[in-house]
Amino acid sequence: MFQKIKGTQDFLDLSLWQFITKTSAEYLNLHNFNQIKLPAIESVDLFKRSVGLETDIVNKEMFVVEQRTGSSEQICLKPEATASTMRAFLENGIQNLPWKVFSFDTLFRYERPQKGRYREFNQCNIETIGTESISQDVALISMLDGLFSTKLKINNYALVLNFLGCQNDRLNFREVLTNFLQASPNICETCQKRSTTNPLRIFDCKSESCQSIYQNAPKIINHLCESCGQEWQQLQNHLELLGVSFAIKPELVRGLDYYNKTVFEFTSSHLGSQSSFCGGGRYELATQLGSKTAVPAIGAAFGIERILLILEQIQDKLLLSQKPALTVVIPLNPEQNILALLVAQNLAQHNLAHDIILDDTSSVKSKMRKANKLGPIYCVLIGQQEQESNSVTLKNMVTSEEQLIKQIDLVSTLKNH
Ligand code: HAM
């Protein structure tokens, strides 16, 4: 027997999944975001240049695809969708800005699997590309807040915010932070390495002793230039005016290197250690990907599996779309199979949900048992007698009542019930 690959999952009931994707797509359309579809494979260099060489995603977790001999380009299964969306934006020469798009993507990261963390997972990725206004950050965050609270009915979640400033702010802060780290000899080996390669990432360290040292570390929000400081204030004020609750988390840096200015995460206490179910921020990737002009953007992504884990706990309270009432057609003998198939074809043409028991060796009793397990409202029984009289026996599976009706009346009878 084969088993699924480590870190992957089978989903055998998609009702909650479809609720999430359908609700989100409708909600995003309502905010004038258009759905796009991106390739599953991209060039490894795309992520090296965007997500960053020093990040776990690029450094340790890429699913690089073995290429046919002769090809020099390294390709991989996408680990995230922002770089791909930006690549698509540049490659397709999009002119109308801002470009407001979203996509559902299956992504791959070679992580250590645990609850809420998989090697193959799915995201809804949302980007507003080509906009500098901090109000777009407010618009995106408050739109997401509305989606999670009023549409997906997630309760007990928190929004945490930080502001990473502009490139200059980060360069200046890097020096301040490096000085602090040099005066802190007890940090772990990884942090020591990061203190020279990418000091901001030390805040992601899982070690408790490092974290207690970093409580006293300088905070980037206290080292912003004047214009970034104003934007940071505006972001907070406008979110408050829109009634979006948030907490400031000065050590939030996020695991991808492309962010500047706003970064944020939505977290839920229902998720255990992988508590973040949505993350995003402002970034500029166009120049990193070869464009001559900078294209500022803001985006976010939420994980479908993590939202599933949250919603599974309140599934009963959600208005999931009901399956349509099912009718099961049962030919009593193999001679009536073709008539049963014709009846089923007619039901399909009239959009009536149905199934058909095509089981030549079973007794009528066992066919009835099989039909019953499908949970139908009605069964349509077709034996020799029905065949000869151009009729069917319609059995109400709730009351067990049976009624002989003409075949041509079947659709209207079912529709009128
Ligand atoms: P991210 O924080 O890496 O951001 O992922 C966003 C969301 O994807 C997470 O909050 C989580 O729900 C889900 N996720 C990430 N990794 C896994 C995993 N291994 N298993 C299950 N779910 C996972 C990004 O990917 C950015 N591209 C978001 C963004 C868009 N920033 C700007 N635009």
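Please read all numbers here as calculations on a predicted model, not as lab measurements. (Residues numbered from 1 in each chain as written. Predicted model: local features only at pLDDT ≥ 70, side-chain atom pairs only at ≥ 80, totals over all residues. Heavy atoms only, no water.)

*Asks:* Got a minute to help me understand the packing of helix 5 (residues 134–151) against helix 9 (residues 226–241) in this structure?
*Replies:* Two quantities define a packed helix pair, namely the angle between the helix axes and the distance between the axes. Where helix 5 meets helix 9, the closest approach of the two axes is 9 Å, and the angle between their N-to-C directions is 35°. As for how helix 5 packs across helix 9, the hand of that crossing is right-handed. Residue-level contacts link Ile 134, Ser 135, Asp 137, Val 138, Ile 141 and Ser 142 of helix 5 to Glu 231, Gln 234, Leu 235, His 238 and Leu 239 of helix 9. Within the contact of helix 5 with helix 9, the residues separate by chemical class into five nonpolar, four polar and two charged. (Axes fitted to C-alpha atoms, helices over the stretch in contact; angles between N-to-C directions. Helix = DSSP H or I, 4+ residues; strand = E, 2+ residues; numbered from the N terminus. Left-handed = near helix turned anticlockwise from the far one by under 90°. Contact = heavy atoms within 4.5 Å. Nonpolar A, V, L, I, M, F, W, Y, C, P; charged D, E, K, R; others polar.)

*Asks:* What exactly am I supposed to notice about unusual backbone geometry here?
*Replies:* Between Leu 97 and Pro 98 the backbone carries a cis peptide bond, its omega angle lying at -5°. Despite not being glycine, Lys 153 has its phi angle at roughly 60°, a positive value. You can call Lys 153 partly exposed: its relative accessible area is 45%. Even without being glycine, Asn 390 reaches a positive phi, approximately 50°. Here Asn 390 shows up in the loop between helix 13 (384–388) and strand 15 (391–396). (Buried < 20%, exposed > 50% of the residue type's maximum accessible area, 1.4 Å probe, protein only.)

*Asks:* What exactly am I supposed to notice about the pattern of salt bridges here?
*Replies:* Once their charged atoms are close, side chains differing in charge can pair, the charge on each being opposite to the other. Using the criterion set out here, one finds 11 salt bridges in the structure. In this structure, Glu 265 engages Arg 254 in a salt bridge whose closest nitrogen and oxygen atoms are separated by 2.8 Å. Taken together, the residues Glu 265 in strand 9 (residues 259–268) and Arg 254 in the loop between strand 8 (247–248) and strand 9 connect sequence positions 11 residues apart. Accessibility classification places Glu 265 together with Arg 254 in one group, the buried group. For Lys 370, the salt bridge is made with Asp 359, and the minimal N-O distance between the two is 2.2 Å. Of the two residues, Lys 370 sits in helix 12 (residues 364–373) while Asp 359 sits in the loop between strand 13 (354–356) and helix 12, which places them 11 residues apart along the sequence. Take Lys 370: its relative accessible area is 42%, and that puts it in the partly exposed class. Each member of the salt-bridge network shares a partner with another, and the members are Glu 42, Arg 87 and Glu 91. (Salt bridge = Lys/Arg side-chain N within 4 Å of Asp/Glu carboxyl O.)

*Asks:* When you look at the site of the ligand in this model, what are you seeing that I'm missing?
*Replies:* In the neighbourhood of the ligand, 26 residues make up the surrounding shell, with Glu 80, Thr 82, Glu 111, Tyr 118 and Tyr 259 lying closest. The separation between an oxygen atom of the ligand and a polar main-chain atom of Phe 277 is 3.1 Å. Within the contact set of the ligand, a nitrogen atom lies 3.2 Å away from a backbone nitrogen or oxygen of Ala 300. Its free accessible area being 660 Å², the ligand has 96% of it covered by the protein chains. Contributions of two or more residues to the shell around the ligand are made by strand 6 (120–129), strand 10 (276–284) and strand 11 (296–303). It is strand 10 that contributes the most residues to the shell around the ligand, six residues altogether. Classifying every residue of the shell around the ligand by side-chain character gives 10 nonpolar, nine polar and seven charged. (Near = heavy atom within 4 Å. Polar contact = N/O pair within 3.5 Å; in protein donor to acceptor, adjacent residues only side chain to side chain. Areas by Shrake-Rupley, 256 points an atom, 1.4 Å probe, with all protein chains shown as cover.)

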